[in-house]
Amino acid sequence: MTAATASRYTAEYSNIAPTLPGQNLPWLTALRQDALAKFSAQGFPSLREEEWRYTNISAIEKKLFSPSLIGQVQELVPTELLASYQLPDAWSVVLIDGHFCAELSALEGMPETVSVMSMANALIKKSEILETYINKAVNNDEHSFVAFNTAWFTDGLFVHVPSTLVLEKPVQVLYVNTQSDALASTRTVIIAEEMADIKVIETFIGLDIAYLSAAVTEVFVGVNADVTLYKMQCESALAYHFGGIYVKQAKDARFIHHNFAFGGLLARCDIHTDLDLASECELNGLYLGVNRQHIDNHTRINHLKPHGISRELYKGVLDDKARGVFQGRVIVAEDAQKTDSQMNNRNLLLSNDAEADTKPQLEIYADDVKCAHGVTVGQLDEKSIFYLQSRCIDEETARNMLTFAFANEMVDKIKIKSVHDQALEQVLIRFPQEGVNKEWL
Amino acid sequence: MLSIKNLTVNVNDKQILKGINLEIKPGEIHAIMGPNGSGKSTLSHILSGKAGYTVTGGSVTYQGKDLLEMAPEIRAREGVFLAFQYPVEIPGVSNIYLLKAALNSIRKHHSQPEVDAMDFLTLIKDKVRLLEMDEKFLYRAVNEGFSGGEKKRNEILQMAILEPKLCILDETDSGLDIDALKVVAEGVNSLRAADRSFVMVTHYQRLLDYIKPDFVHVLANGQIVKSGGAELALELEEKGYSWLEDSKAAI
């Protein structure tokens with residue numbers, strides 16, 4: 001596949017292009033043209049590509065998801081939907097169908113030196129900075145979804161934190177989808193200068209309809225800076241979600257990612273990070289699949305310089321006919337001596353029809369490194385079930401409790417209480433209530 | 001309290017217990033000793049309801065009811081407690097959550113309301129002190145990253161809070177240093193009561209220096225080959241098990 005199938009999208013592009021932000025920026029127009037050309041030539045990724053062999057996206061080609069041109073209409077978002085996801089103690093930016101909605105966003109009290117604004121606005125006010133950052137953590141050749149995103153993005157979030165500034169409150173960006181068969185293509189850029197510290201939560205939600213959410217986030221962690229990024233992917237059960245998070249870590253920089261993949265009919269997320277001298281990264285992931293959900297997570301940790309540390313733990317719980325895919329690559333360059341890397345993927349299968357595909361890959365070109373990886377795919381431990389039974393708990397409750405516990409290990413890693421509670425809530429609604437008494441937690 | 005009559009048990013078509021008879025009255029402490037492979041652990045597992053064993057004959061009556069008919073959690077709610085030889089680690093479930101879930105299961109079983117949160121905290125803190133544990137343990141995942149001694153202490157903590165009627169201690173002394181053993185023994189001794197019985201399954205006589213049994217039984221080749229008072233344990237310490245196994249073979 002298949003330039004032919006992509007042509008349905010490319011044919012429509014000339015109508016859409018004039019509505020996209022940054023029209024007056026020659027560098028962006030050139031970037032989008034390059035992306036369009038690459039996407040036109042390649043089409044969407046096919047199962048024949050090694051990195052996409054588990055991800056069948058033919059459904060996206062059969063349909064035509066078009067960008068919503070309505071945009072910015074706050075009435076489209078049910079109050080209760082937003083209320084259950086918008087964090088009370090964070091600055092928030094709300095994007096509806098890929099367009100910034102000022103009325104629902106909350107940015108009062110932001111320190112003047114910090115920029116937090118919509119991507120469309122940043123392309124007007126901060127275009128010089130953006131020119132040096134956009135498409136620098138990833139490029140249009142990565143895979144054609146990135147090219148697709150570059151050509152089509154309508155908005156997103158822009159965050160710039162100057163050096164040594166520690167932002168006390170987290171920033172939340174809510175990507176809300178309200179239109180059937182609509183495409184929301186967003187590009188987010190987060191820049192933390194030297195010694196800055198910021199926490200960002202990306203929350204993906206939608207009405208109970210089919211739509212395509214394609215979101216690329218680029219993160220630049222400056223020298224000795226700290227960025228913690230949360231992804232709460234709670235798309236509708238009918239939605240398609242393609243996410244990419246591409247990170248560049250400078251010397252001594254720390255990056256922590258928590259990836260919660262809960263929603264979507266077909267959801268994929270690629271997370272790549274490049275580590276410089278003595279930088280550290282921690283990638284945590286939890287995917288919960290039910291019914292016929294297909295959830296993919298692909299990570300790539302690139303140790304480019306010595307003394308880097310990476311820790312990765314992805315856990316999956318798969319029920320019914322759900323399928324989870326984990327592909328984790330750790331690359332240690334020849335120069336990256338004394339790298340210390342651990343990667344783990346653990347899968348819990350709750351039904352005979354559920355499937356987990358896991359593929360850890362270590363590529364080590366240096367000779368003095370400490371790298372480990374481990375993978376498990378299994379069912380609940382009978383010894384643990386009996387232990388709980390011997391402590392008065394019936395078998396079904398024991399099973400539910402252990403399943404919850406398996407997932408909860410990832411929730412407990414969240415340090416922001418409101419985010420923790422929200423993730424906990426999401427886990428609990430996906431498990432039978434008899435298993436776990438929330439009041440006792 | 002507990003009456004075991006002519007109990008025979010198979011594992012994978014191999015007979016492990018070959019006719020066990022044992023009477024335990026309220027308030028008594030019975031020690032079951034024996035060499036490795038004698039069937040000690042099988043006996044404690046069969047009493048607590050672990051799967052994988054086939055009862056081929058005999059009966060076990062607990063407080064007038066057929067124990068073998070009950071699911072493991074029903075036995076536990078009725079007051080049977082097994083302190084595990086190898087307590088299981090459960091990441092993601094805190095100790096305090098498990099204790100609350102267990103205690104409330106018992107209360108529900110007896111048609112009692114859930115325990116009051118404040119009362120529970122007071123109860124639990126008392127017991128934690130008794131076992132010389134750090135309160136932080138309560139909020140850590142069940143047994144995760146605990147040392148051998150901490151795990152065994154945690155078992156006794158659960159026992160102290162759930163207040164069972166029949167306590168089965170499966171090799172509780174194995175893996176314990178002398179200080180931890182003293183703490184565990186003290187915890188057990190503090191739980192002695194007129195209506196509570198103990199079955200201590202152990203390979204080593206050392207535990208019995210700290211928890212004095214009323215009766216000692218020697219299990220060998222799936223049968224109780226000798227029963228006696230506390231002094232029998234000392235005799236075993238001195239002579240080992242072989243003279244009993246030999247005498248059995250001679251019969």
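About the cut-offs
Residues numbered from 1 in each chain as written. Chains lettered and ligands numbered in written order. Predicted model: local features only at pLDDT ≥ 70, side-chain atom pairs only at ≥ 80, totals over all residues. Heavy atoms only, no water. Salt bridge = Lys/Arg side-chain N within 4 Å of Asp/Glu carboxyl O. Helix = DSSP H or I, 4+ residues; strand = E, 2+ residues; numbered from the N terminus. Buried < 20%, exposed > 50% of the residue type's maximum accessible area, 1.4 Å probe, protein only. Contact = heavy atoms within 4.5 Å. Buried area = accessible area lost by both parts, 1.4 Å probe. Domains from an automatic or database assignment. Polar contact = N/O pair within 3.5 Å; in protein donor to acceptor, adjacent residues only side chain to side chain. Pairing = 2+ DSSP bridges. Axes fitted to C-alpha atoms, helices over the stretch in contact; angles between N-to-C directions. 1 Å grid on protein atoms, 1.4 Å probe; cavity = no way out; pocket = protein on both sides within 12 Å on 5 of 7 lines; lining within 4 Å. Points joined across faces, edges and corners; volume = space filled by probe spheres on them. Nonpolar A, V, L, I, M, F, W, Y, C, P; charged D, E, K, R; others polar.

Undergrad: Kindly report on the pattern of salt bridges, identifying the contributing residues and their values.
TA: Residue and element names in this part refer to chain A. Taken as a whole and judged by the stated rule, the model has 35 salt bridges over all chains. One salt bridge connects Asp 226 with Arg 254, and the closest N-O pair in it is separated by 2.8 Å. Placement of the pair is Asp 226 in strand 10 (residues 226–233) and Arg 254 in strand 12 (residues 254–261), with a sequence separation of 28 residues. The class of Asp 226 is partly exposed, set by a relative accessible area of 22%.

Undergrad: Outline the interface of chain A and chain B, supporting the account with residue identities and numerical values.
TA: Chain A puts 22 residues into the contact, and the matching count from chain B is 32 residues. Both sides together, the interface formed by chain A and chain B hides about 2300 Å², and carbon and sulfur atoms give 69% of it. On the chain A side of the interface with chain B, the three residues burying the most area are Tyr 387, Arg 391 and Trp 440 of chain A, jointly 36% of the side's total. In this structure, the connection of chain A to chain B is made through 2 salt bridges.

Undergrad: Now, about unusual backbone geometry: what can you tell me, with residues and values included?
TA: Of note, the phi angle at Asn 135 of chain A is positive, near 60 degrees, even though the residue is not glycine. Classification of Asn 135 of chain A by relative accessible area gives buried; the value is 8%. Residues other than glycine seldom take positive phi values, yet Asn 143 of chain B does so here, at roughly 60 degrees. On the secondary structure map, Asn 143 of chain B appears in the loop between strand 8 (141–142) and helix 5 (148–162).

Undergrad: Now, about the side chain of Asn 345 of chain A: what can you tell me, with residues and values included?
TA: Structurally, Asn 345 of chain A is set in strand 18 (residues 340–349). The residues contacting Asn 345 of chain A, other than those within four sequence positions of it, are Tyr 287, Tyr 314, Phe 326, Thr 358, Gly 374, Val 375 and Thr 376 of chain A.

Undergrad: Tell me about the domain arrangement of chain A, residues and numbers included.
TA: Residue and element names in this part refer to chain A. Segmenting chain A into domains produces domain 1 (3–276) and domain 2 (382–441). Computed from C-alpha coordinates alone, the two centres of domain 1 and domain 2 are separated by 32 Å. Each partner contributes residues to the interface: domain 1 has 16 residues there, and domain 2 has 13 residues. For the pairing of domain 1 and domain 2, the buried interface totals around 1200 Å² over both sides, and the portion due to carbon and sulfur atoms is 68%. Three residues stand out in domain 1 for area buried against domain 2, namely Tyr 230, Phe 260 and Phe 262, and they jointly supply 40% of the buried area on that side. Counting across the domain 1 and domain 2 interface gives 0 salt bridges. Scanning the region where domain 1 abuts domain 2 turns up 4 residue pairs in polar contact (both at pLDDT 80 or more). Mapped by element, the contributors of at least two residues to the side of domain 1 that touches domain 2 are helix 4 (79–85), strand 8 (197–206), strand 10 and strand 12.

Undergrad: Got a sec to walk through the sheet that holds strand 5 (residues 65–66) of chain B? Specific residues and values, please.
TA: Residue and element names in this part refer to chain B. Spatially, 2-1-4-5 is the arrangement adopted by the 4 strands of the open sheet, whose pairing is antiparallel. The strands lining the two open edges of the sheet, one partner per strand, are strand 2 (14–24) and strand 5. Most of the contacts of helix 1 (residues 40–48) go to strand 1 (residues 2–11), to which it runs at about 110 degrees, and overall it touches strand 1, strand 2 and strand 4 (54–62).

Undergrad: Break down the sheet that holds strand 3 (residues 29–33) of chain B for me, with residues and values.
TA: Residue and element names in this part refer to chain B. The 6 strands lie next to each other as 6-9-10-3-11-12, forming an open sheet whose pairing is mixed. The open sheet has two edge strands, strand 6 (80–83) and strand 12 (223–228), and neither has a second partner. Adjacent strand axes in the sheet meet at a mean angle of 20 degrees, parallel and antiparallel pairs treated alike. Where helix 8 (residues 231–239) meets the sheet, its contacts fall on strand 3, strand 11 (215–220) and strand 12, and the angle it forms with strand 11 comes to roughly 45 degrees.

Undergrad: Give me the lowdown on the layout of surface pockets, citing residues and values where you can.
TA: Within this model, the largest pocket holds a volume of roughly 450 Å³. Asn 408 and Asp 412 of chain A together with Gly 92, Ser 94 and Tyr 139 of chain B are the residues nearest the centre of the largest pocket, which is lined by 21 residues in total. Residue contributions to the lining of the largest pocket peak at 4 residues, all from helix 10 (residues 417–429) of chain A. Tallied by class, the residues present in the lining of the largest pocket amount to 9 nonpolar, 4 polar and 8 charged.

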